[in-house]
Amino acid sequence: MIEIRRVSPDEYDAVGALTVDVYVGGGFVEPDDPYAERLRDTATRDKHAEVVVALADGEIVGSVTLAEPASRFAHIAEKGELEFRMLAVAPSARGRGVGSALVRHVLDTAYDRGDRAVVLSTQPDMVDARRIYDRNGFVPVPERDWAPVPGVELSTLVRELV
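Residues numbered from 1 in each chain as written. Predicted model: local features only at pLDDT ≥ 70, side-chain atom pairs only at ≥ 80, totals over all residues. Heavy atoms only, no water.

A. View of the packing of helix 4 (residues 98–113) against helix 5 (residues 127–135). Across the interface, helix 4 lies against helix 5 with an axial gap of 10 Å and an inter-helix angle of 50 degrees. By the angle between their axes, helix 4 is oblique relative to helix 5. For helix 4 against helix 5, the interelement crossing comes out right-handed. Of the residues in helix 5, those in contact with Gly99, Ser100 and Val103 of helix 4 are Ile132, Tyr133 and Arg135. (Axes fitted to C-alpha atoms, helices over the stretch in contact; angles between N-to-C directions. Helix = DSSP H or I, 4+ residues; strand = E, 2+ residues; numbered from the N terminus. Parallel < 35°, antiparallel > 145°, perpendicular 65-115°, else oblique. Left-handed = near helix turned anticlockwise from the far one by under 90°. Contact = heavy atoms within 4.5 Å.)

In structure tokens:
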């Protein structure tokens with residue numbers, strides 16, 4: 001059983017450490033990259049967006065950040081879209097449906113809000129995450145691909161809800 005809920009302040013450090021471990025450990029971010037600190041700073045993410053956690057047997061095994069278009073954490077969301085970022089699943093919990101449960105939570109949240117779509121950015125080498133996105137109906141929108149910094153190319157995926 002996977003429980004999905006909003007992060008609590010006493011969990012910020014654990015979520016930040018998990019997110020950094022997943023991104024750095026997966027080779028997606030260098031340990032000394034300034035983005036690693038942004039991944040770690042769950043308190044700021046939760047203040048300006050919404051961070052949710054996945055728990056299995058009371059242990060945090062995943063998290064994701066939901067950002068409305070006006071949020072400083074939304075980079076690609078347009079009006080009527082909900083963006084999600086920083087999806088992280090503990091290596092020990094992979095293959096147990098944690099990532100899919102988090103993505104379904106995002107989709108349900110967007111639907112309940114009346115959004116027309118959910119958007120995300122992903123790196124081409126994030127193949128495990130990409131499988132989750134594909135299974136949940138996300139499709140590439142190459143004209144919205146972008147690079148936050150030189151050398152980091154991000155693909156944009158969209159799931160229409162209406």
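B. Structural context of unusual backbone geometry. Phi at Asp57 takes a positive value of approximately 55 degrees, unusual for a residue other than glycine. Locating Asp57 in the fold gives a position in the loop between strand 2 (50–56) and strand 3 (59–67). Phi at Met86 is positive, roughly 55 degrees, even though this residue is not glycine. Topologically, Met86 is positioned in strand 4 (residues 81–89).

C. How the structure looks around helix 5. Looking at helix 5, one finds that the buried residues are Ala129, Ile132 and Tyr133. Viewed end-on, helix 5 has its buried residues packed into an arc of 100 degrees, placing them on one side of the element. (Buried < 20%, exposed > 50% of the residue type's maximum accessible area, 1.4 Å probe, protein only. Arc of directions from axis to C-beta.)

So yeah, pure geometry; function would need other evidence.
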